[in-house]
Amino acid sequence: TGTLDTLLSLRGYTFEYNDDRIQSGLALPGTQIGLMADEVERVFPDWISTDSSGMRYVSERGLTALMIEALRDLRAEKDAVAASAAAAQQEIDALRADVAERDAEIDDLKARLDAIEATLKHTQNDAK
């Protein structure tokens, strides 16, 4: 659980390898995107390896499985939001129906009141 938050605690960086790494064939030239070993080590210590020269690097062991679990977390969040939105929409629809019903009652009562007032006015005019 919490794989999404765990993965999001990491940051991606752009960088370029040193010339000696490129010349030795251990790295590619140009701008690269990756994770910083010091940051990854705090979260996934088993992802950090060290080469023969002592250079630490990120191996990202199990990254695919963690990403799948993070996607499951996202799906669960999305489903919860969708369910909440559906419930809210049902409440809104019920409130609109109540308002429409009350508006109809008000219109009916106004019509009855107008009829009563018209009758009273007619009766008063007849009495004069």
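Structural data are supplied above this passage.
None of these values were measured; they are calculated from a predicted model.

A. Molecular detail of the overall build of the chain. The helix and strand inventory of the chain stands at four helices and four strands. Each helix and strand of the chain, ordered N terminal to C terminal, gives the series α-β-α-β-α-β-β-α. On C-alpha atoms alone, the chain measures out to a radius of gyration of 35 Å, which is more than a quarter above the 14 Å that the 2.2 N^0.38 rule sets for 128 residues. Here the C-alpha coordinates of the chain stretch approximately 115 × 30 × 20 Å along the principal axes.

B. Examining the environment of Ala 100 more closely. Within the secondary structure, Ala 100 sits in helix H4 (residues 63-127). A relative accessible area of 46% means that Ala 100 is categorised as partly exposed. Taking the C-alpha atoms as reference points, Ala 100 and Leu 113, 13 residues apart in sequence, are found 20 Å from one another.

C. The arrangement of the nonpolar core in detail. Of all hydrophobic cores here, the largest spans eleven residues; its members are Leu 4, Leu 7, Leu 10, Ala 37, Val 40, Phe 44, Trp 47, Ile 48, Val 58, Leu 66 and Ala 70. Secondary-structure elements contributing two or more residues to this core are helix H1 (3-8), helix H3 (37-43) and H4. Once residues within four sequence positions are removed from consideration, Ile 48 is found in contact with Ala 37, Val 40, Glu 41, Arg 56, Tyr 57, Val 58 and Ser 59.

D. Fine view of the pairing of strand E1 (residues 12-16). In terms of burial, E1 is a largely surface element, zero of the five residues being buried. Two elements, E1 and strand E2 (residues 31-35), share five bridges in a ladder whose sense is antiparallel. Pairing of Tyr 13 across the sheet is with Gly 34, part of E2.

E. Quick look at the packing of aromatic side chains. Evaluated as defined, the whole model comprises two aromatic pairs. Pairing Phe 15 with Tyr 17 gives two aromatic rings, centres 5.1 Å apart and planes at 85°, and the pair type is edge-to-face. Residue Phe 15 is classed as partly exposed on the basis of its relative accessible area of 28%. Ring geometry for Phe 44 and Trp 47: centres 4.2 Å apart, planes at 15°, overall stacked. Each member of the pair, Phe 44 as well as Trp 47, carries the same accessibility label: buried.

F. View of a negative patch on the surface. Side chains of Asp 98, Glu 101, Asp 103, Glu 105, Asp 107 and Asp 108 sit close together on the surface and give a patch of like negative charge. Inspection of the secondary structure puts Asp 98 in helix H4. A residue is classified by how much of its surface remains accessible, and Asp 98, at 36% relative accessible area, is partly exposed.

Thresholds applied
Residues numbered from 1 in each chain as written. Predicted model: local features only at pLDDT ≥ 70, side-chain atom pairs only at ≥ 80, totals over all residues. Heavy atoms only, no water. Helix = DSSP H or I, 4+ residues; strand = E, 2+ residues; numbered from the N terminus. Rg over C-alpha atoms; globule rule 2.2 N^0.38 Å. Buried < 20%, exposed > 50% of the residue type's maximum accessible area, 1.4 Å probe, protein only. Core = buried A, V, L, I, M, F, W, Y, C linked by side-chain atoms within 4.5 Å. Contact = heavy atoms within 4.5 Å. Pairing = 2+ DSSP bridges. Phe/Tyr/Trp six-rings, centres within 6.5 Å; stacked < 30°, edge-to-face > 60°. Patch = residues over 30% accessible without salt bridge, like charges linked within 9 Å, V, L, I, M, F, W, Y side chains within 5 Å. Areas by Shrake-Rupley, 256 points an atom, 1.4 Å probe, with all protein chains shown as cover. Salt bridge = Lys/Arg side-chain N within 4 Å of Asp/Glu carboxyl O. Lys, Arg positive; Asp, Glu negative; His and termini not counted. Charge placed at Lys NZ, Arg CZ, Asp CG, Glu CD.

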